[in-house]
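Residue-level structural notes
These are the residues of each chain, in order.
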Amino acid sequence: MNTLEELTQKIETSLNSIRPYLEADGGNVKINEVTPEHVVKLEFVGACGNCRMSTMTFKAGVEAAIKRDVPEIKGIEVINLTPIAN
């Protein structure tokens, strides 16, 4: 079984495969937490944090990449999918 540290590294590697697309639009994603139950909690940052398309970006890009690359992960949540008031 993988340690949380190993899982976090695998998730980072997976996210690095899609980061150029997020960064091209002025955004990014970061790992907030990996729980002992293998649930990843992510946070959209920059333009992704308040983009109306972030839900679709998450489902089609971020979630798909992690599920493909890190099958040990049981769930993926984004803690800030709703628009943030400035």
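My aim in this report is to walk through the structure given alongside it, one point at a time. Counting from 1, residues in each chain are numbered in the order their sequence is written. Selection of residues for local features in this predicted model requires a pLDDT of at least 70, selection of side-chain atom pairs for listing and counting requires 80 or more, and totals for whole chains, interfaces and linings are taken over all residues. Each side-chain value is worked out from all heavy atoms of the structure, with water and hydrogens disregarded.

1. Regarding the overall build of the chain
Inclusion rule: Secondary structure is summarised from DSSP: a helix means a run of H or I of at least four residues, a strand means a run of E of at least two, and numbering begins at the N terminus for each. To sort residues, take the accessible area from a 1.4 Å probe on protein chains only and compare it with the maximum for the residue type: under 20% means buried, over 50% means exposed, and anything in between is partly exposed. Whether two residues are in contact is decided by their heavy atoms, any of which lying within 4.5 Å being enough. The accessible surface values rely on the Shrake-Rupley method and a 1.4 Å probe; as for residues, cover is taken only from the protein chains in view.
Scanning the chain from N- to C-terminus turns up two helices and three strands. In the chain, the order of α-helices and β-strands from amino to carboxyl end is α-β-β-α-β. A total of 86 residues make up the chain; the buried ones form 37% of that total. Looking at the chain alone, contacts between residues at least 24 apart form 56% of all its contacts between residues at least 6 apart. When the accessible surface of the chain is split by element, carbon and sulfur atoms take 54% of a total near 5200 Å².

2. Brief notes about unusual backbone geometry
One non-glycine residue, His38, lies in positive phi territory at about 70 degrees. Counting through the fold element by element, His38 comes out in the loop between strand S1 (27–34) and strand S2 (39–46). Look at His38 and you get buried, because its relative accessible area is 8%.

3. Observations regarding the pairing of S2
Defined as follows: Two strands pair under a simple rule: DSSP has to find at least two bridges between them.
Bridge analysis of S1 against S2 gives seven bridges, and the strand direction is antiparallel. In the strand pairing of S2, Asn28 is matched with Val45. Adjacent in sequence and paired antiparallel, S1 and S2 are bridged by four residues, among which His38 carries a positive phi angle near 70 degrees. Relative to strand S3 (residues 75–78), S2 is paired through four bridges, and the arrangement is parallel. Counted as the bridge partner of Lys41 is Glu77 from S3.

4. Describing the sheet that holds S3
Rules: As a rule, the C-alpha atoms of each element are fitted with a line to give its axis, helices using only the stretch in contact, and angles between N-to-C directions run from 0 to 180 degrees.
Overall, mixed pairing links the three strands, which are arranged S1-S2-S3 in an open sheet. Strand pairing shows two members of the sheet lacking a second neighbour, S1 and S3, which therefore form its edges. Geometrically, the sheet is characterised by an average inter-axis angle of 30 degrees between neighbouring strands, direction not taken into account. In the packing of helix H1 (residues 4–24) onto the sheet, contacts are made with S1 and S2, and the angle to S1 comes to roughly 165 degrees.

5. Side note on the nonpolar core
Selection criterion: The criterion is simple. A nonpolar core is a set of buried Ala, Val, Leu, Ile, Met, Phe, Trp, Tyr and Cys residues joined through side-chain atoms within 4.5 Å.
Ranked by size, the top nonpolar core spans 19 residues in total, and within it Ile11, Leu15, Leu42, Val62, Ile66 and Ile73 carry the most contacts. If we ignore the near neighbours within four places in the chain, the residues touching Ile73 are Leu7, Ile11, His38, Val40 and Ile66.

6. Description of the environment of Ile31
On the secondary structure map, Ile31 appears in strand S1. For the pair formed by Ile31 and Val78, sequence separation is 47 residues and the distance between their alpha carbons is 9.2 Å. Residue contacts for Ile31: discarding those within four places in its chain leaves Thr8, Ile11, Glu12, Leu15, Lys41 and Leu42.

Treat this as a map of the structure, not an account of what it does.
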